[in-house]
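A closer look at the structure
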Amino acid sequence: MKKNIILTFALIILSTFAFQTAAAQFTITLPKIPKIKKPKVQQPAATPDGQPAVQDQRSEQKTSSHVSDDGEQLGPIAIFELNEIAKVTKDVSEYTPEGKIYLVDAIGAEWLMRAVSPREREKWMTRLNTVSAKKKFNEALDGLAAAAAKKLPSYKGDLDEFEFRNPAEEKLMRTELTRIANYKIYKTGLAQAHWLIDKDNFGLPRARYKSGAFWIRDTTEDHPYCTITYVNIIQDYAGGGTYAASYTQFIKDKLIGCPASAY
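Conventions and cut-offs
- Residues numbered from 1 in each chain as written.
- Predicted model: local features only at pLDDT ≥ 70, side-chain atom pairs only at ≥ 80, totals over all residues.
- Heavy atoms only, no water.
- Helix = DSSP H or I, 4+ residues; strand = E, 2+ residues; numbered from the N terminus.
- Expected span 1.5 Å × (residues − 1).
- Contact = heavy atoms within 4.5 Å.
- Salt bridge = Lys/Arg side-chain N within 4 Å of Asp/Glu carboxyl O.
- Buried < 20%, exposed > 50% of the residue type's maximum accessible area, 1.4 Å probe, protein only.
- Disulfide = S-S within 2.5 Å.
- Axes fitted to C-alpha atoms, helices over the stretch in contact; angles between N-to-C directions.
- Parallel < 35°, antiparallel > 145°, perpendicular 65-115°, else oblique.
- Nonpolar A, V, L, I, M, F, W, Y, C, P; charged D, E, K, R; others polar.

Between its first and last C-alpha, helix H5 (residues 131-151) extends 30 Å over 21 residues, near the 30 Å set by a 1.5 Å rise per residue. Check the buried side of H5 and you find it contacts helix H2 (76-94), helix H3 (106-116) and helix H4 (118-125).

Shown next, in the form of structure tokens:
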């Protein structure tokens, strides 16, 4: 037994020695790590007087339309509004009767009125706190007014759609013109000869109506354009297939050109 233990121990020693000898014969090759190249520093170009030209990063940037002349940075709301004016100006400039019916959308109509009406512009400008901001918006609105001057005189919108006449209903529509003495009325008409039915989600009638419009010029306005004033005539459903008495509802005004005789 003792002899076997001694033999086993001797074998272990011989194995360890053999492994160390074999390991010594292997060559371990480490991967080559590339050297980090330092970027070349480009020397600034010399000016004619021999001094290095120091380039201001701001000179590489385009002049921003969102910075006033005195360097004031406009806020995000002002930037958004200036972009809206630029969009409306583009829409007006690109308008053709063949391309679309409407000159501008509802938001554009508000900017258009501020552009052509000094009174409406001044009222809106009271929200601006600095002279430089007011100057920026005046420039933008002047550009929109210039574009409108080329398109509005000949723009009639959907006026031709209001071709039907009904003296009694037209008289009722006039009740929406609260300052009737201030208006020159060039045309009054209805878009339908018969009633349109307004129904609820269950298909039951709620009211019936007709769409009407005036082509008018408000002589107290401080701009040279006319408007379409949209007015609906409505009769509420009274049950049993009957309707109540007619009443009117103002819808909106829209700037358009005036007839040639108005100028």
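The residue arginine 121 is located in helix H4 in this model. In this structure, arginine 121 is in contact with Arg114, Ala115, Asn138, Leu141, Asp142 and Ala145, ignoring residues within four places of it in sequence.

Per the stated rule, a full pass over the model turns up twelve salt bridges. Put simply, aspartate 91 and lysine 87 hold a salt bridge, and the shortest N to O gap is 3.2 Å. Taken as a pair, aspartate 91 and lysine 87 lie in helix H2 at a separation of four residues, close to a single helical turn. Residue glutamate 221 pairs with arginine 119 through a salt bridge whose shortest N-O separation is 3.4 Å. Placement of the pair is glutamate 221 in the loop between strand S3 (205-218) and strand S4 (226-239) and arginine 119 in helix H4, with a sequence separation of 102 residues. Classification of glutamate 221 as partly exposed rests on a relative accessible area of 26%.

Tallying each qualifying case throughout the model produces one disulfide. There is a disulfide in this structure between cysteine 226 and cysteine 258, and the S-S distance comes to 1.9 Å. Its S-S torsion of about 110° marks the bond between cysteine 226 and cysteine 258 as right-handed, since a negative value means left-handed. On the criterion of sequence distance, the pair formed by cysteine 226 in strand S4 and cysteine 258 in the segment after strand S6 (247-256) is long-range, its members being 32 residues apart. Cysteine 258 carries the same exposure label as cysteine 226, and that label is buried.

Put simply, H3 and H5 touch, their axes get as near as 8 Å, and they point 95° apart. The pairing of H3 with H5 is recorded here as roughly perpendicular in orientation. Contacts between H3 and H5 involve Trp111, Leu112, Arg114, Ala115 and Val116 from the former and Leu141, Leu144, Ala145 and Ala148 from the latter. The class makeup of the residues in the contact of H3 with H5 is eight nonpolar, no polar and one charged.

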